[in-house]
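Listed below are the residues making up each chain.
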Amino acid sequence: MFKLNNIISNEQINQSKLSSATDILKNMQSELVSYISEGFGPFLAAIYDENGNLVAKSANTVVKDQCSNHHAEINVIKKAEEHFGSYDLSKYNLSLYITSEPCMMCLGAIMWSGIRNVYYSVPSEDVERITGYDEGFKQNWFDEFAKRGITVYGNIESELGQKVLKDYVLGGNVIYRPQR
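Given the structure is predicted, the values throughout are model-derived calculations rather than measurements.

Calculation criteria
Residues numbered from 1 in each chain as written. Predicted model: local features only at pLDDT ≥ 70, side-chain atom pairs only at ≥ 80, totals over all residues. Heavy atoms only, no water. Helix = DSSP H or I, 4+ residues; strand = E, 2+ residues; numbered from the N terminus. Rg over C-alpha atoms; globule rule 2.2 N^0.38 Å. Buried < 20%, exposed > 50% of the residue type's maximum accessible area, 1.4 Å probe, protein only. Contact = heavy atoms within 4.5 Å. Areas by Shrake-Rupley, 256 points an atom, 1.4 Å probe, with all protein chains shown as cover. Lys, Arg positive; Asp, Glu negative; His and termini not counted. Charge placed at Lys NZ, Arg CZ, Asp CG, Glu CD. Core = buried A, V, L, I, M, F, W, Y, C linked by side-chain atoms within 4.5 Å. 1 Å grid on protein atoms, 1.4 Å probe; cavity = no way out; pocket = protein on both sides within 12 Å on 5 of 7 lines; lining within 4 Å. Points joined across faces, edges and corners; volume = space filled by probe spheres on them. Nonpolar A, V, L, I, M, F, W, Y, C, P; charged D, E, K, R; others polar.

> Would you mind going over the overall build of the protein chain with me for this structure?
Counting its secondary structure elements, the protein chain contains seven helices and seven strands. Going residue by residue from the N terminus, the α and β elements of the protein chain occur as β-β-α-β-β-α-α-β-α-β-α-α-β-α. Its C-alpha atoms give the protein chain a radius of gyration of 15 Å, within 12% of the compact-globule value 16 Å for 180 residues. Across the 180 residues that make up the protein chain, the buried fraction comes to 50%. Counting only contacts in the protein chain whose residues sit at least 6 apart along the sequence, the fraction spanning at least 24 positions is 64%. Summed over its atoms, the accessible surface of the protein chain is roughly 9,100 Å², and 48% of this surface lies on carbon and sulfur atoms. Across the protein chain, the mean location of the 17 positive side-chain charges is 2 Å away from that of the 22 negative side-chain charges.

So, in structure tokens, the structure goes:
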């Protein structure tokens with residue numbers, strides 16, 4: 001694992017990639033506020049191609065759709081697959097940007113989709129602390145993604161993302177948690 005200030009990655013940190021991801025995630029955190037006001041969950045994901053063009057964007061729709069697997073990452077991967085007409089996105093060299101670290105379910109979907117790069121904002125421990133949502137067990141996922149050729153950068157604009165999550169909770173919005 002590589003670190004630069006709060007940023008973590010499974011490759012040597014590339015300042016150009018980090019700068020681009022920072023700009024995109026800042027904008028996404030700002031956009032997320034309006035998605036939340038429209039009844040979407042507190043997570044947003046976007047997929048960009050290797051030239052920096054937006055391919056797809058989607059928010060979490062679990063509560064809105066009453067479907068536990070409608071996470072932002074799953075929704076946006078589905079949109080990208082529809083866009084390209086393929087379940088295998090590997091040939092398109094795509095990057096996924098997420099306002100929070102992917103949960104256990106979404107990690108599998110990302111890996112199997114063929115996404116090449118993942119950039120996220122708020123780490124799971126902060127998501128769990130703020131929202132109470134169980135992100136699942138994700139032992140060594142950075143290393144496992146690296147073995148599969150998937151680059152990961154995390155904790156980008158985390159403080160901004162934490163504020164959005166705190167405001168979501170303070171606003172009385174639903175955090176879905178199955179009863180155990």
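> Would you mind going over the nonpolar core with me for this structure?
Where a protein is soluble and globular, its nonpolar side chains tend to be buried together. Counting 28 residues, the largest nonpolar core has Ile 47, Leu 96, Ile 110, Ile 115, Val 118 and Phe 145 as its most contacted members. Only strand S3 (44-48), strand S4 (54-59), helix H3 (72-84), strand S5 (95-100), helix H4 (104-113), strand S6 (117-122), helix H5 (124-131) and helix H6 (141-147) provide two or more residues apiece to this core. Considering every element that reaches this core, the biggest residue donor is H3, with four residues. Excluding anything up to four places from it in sequence, Phe 145 contacts Asn 10, Leu 107, Ile 110, Met 111, Val 118, Ile 150 and Val 152. Core analysis: the next-biggest nonpolar cluster, separate from the first, contains 26 residues, Ile 24, Leu 44, Tyr 168 and Ile 175 among them.

> Teacher, can you tell me more about the environment of Met 28 here?
When you line up the elements, Met 28 lands in helix H1 (residues 15-37). Since its relative accessible area comes to 1%, Met 28 is described here as buried. Put simply, Met 28 and Phe 43 are 15 residues apart on the chain and 9.5 Å apart in space, counted from C-alpha to C-alpha.

> Explain the layout of surface pockets to me, please; I cannot follow it from the model alone.
Gaps between atoms show up when a probe of the same size as a water molecule is rolled over them. Approximately 240 Å³ is the volume attributed to the largest pocket. Taken together, 13 residues form the lining of the largest pocket, with His 71, Tyr 133, Asp 134, Pro 178 and Arg 180 sitting closest to its centre. Looking at the lining of the largest pocket, its residues break down into seven nonpolar, three polar and three charged. In this structure, the second largest pocket spans a volume of roughly 210 Å³. Lining the second largest pocket, in full, are Lys 17, Ser 20, Ile 24, Tyr 48, Asp 49, Glu 50, Gly 52, Asn 93, Ser 95, Tyr 97, Asn 117 and Tyr 119. Looking at the lining of the second largest pocket, the elements with two or more residues in it are H1, S5 and S6. With three residues, H1 is the largest single contributor of residues to the lining of the second largest pocket. Its residues assigned to classes, the lining of the second largest pocket comprises four nonpolar, five polar and three charged.

Read these as layout, nothing more, since geometry by itself doesn't imply function.
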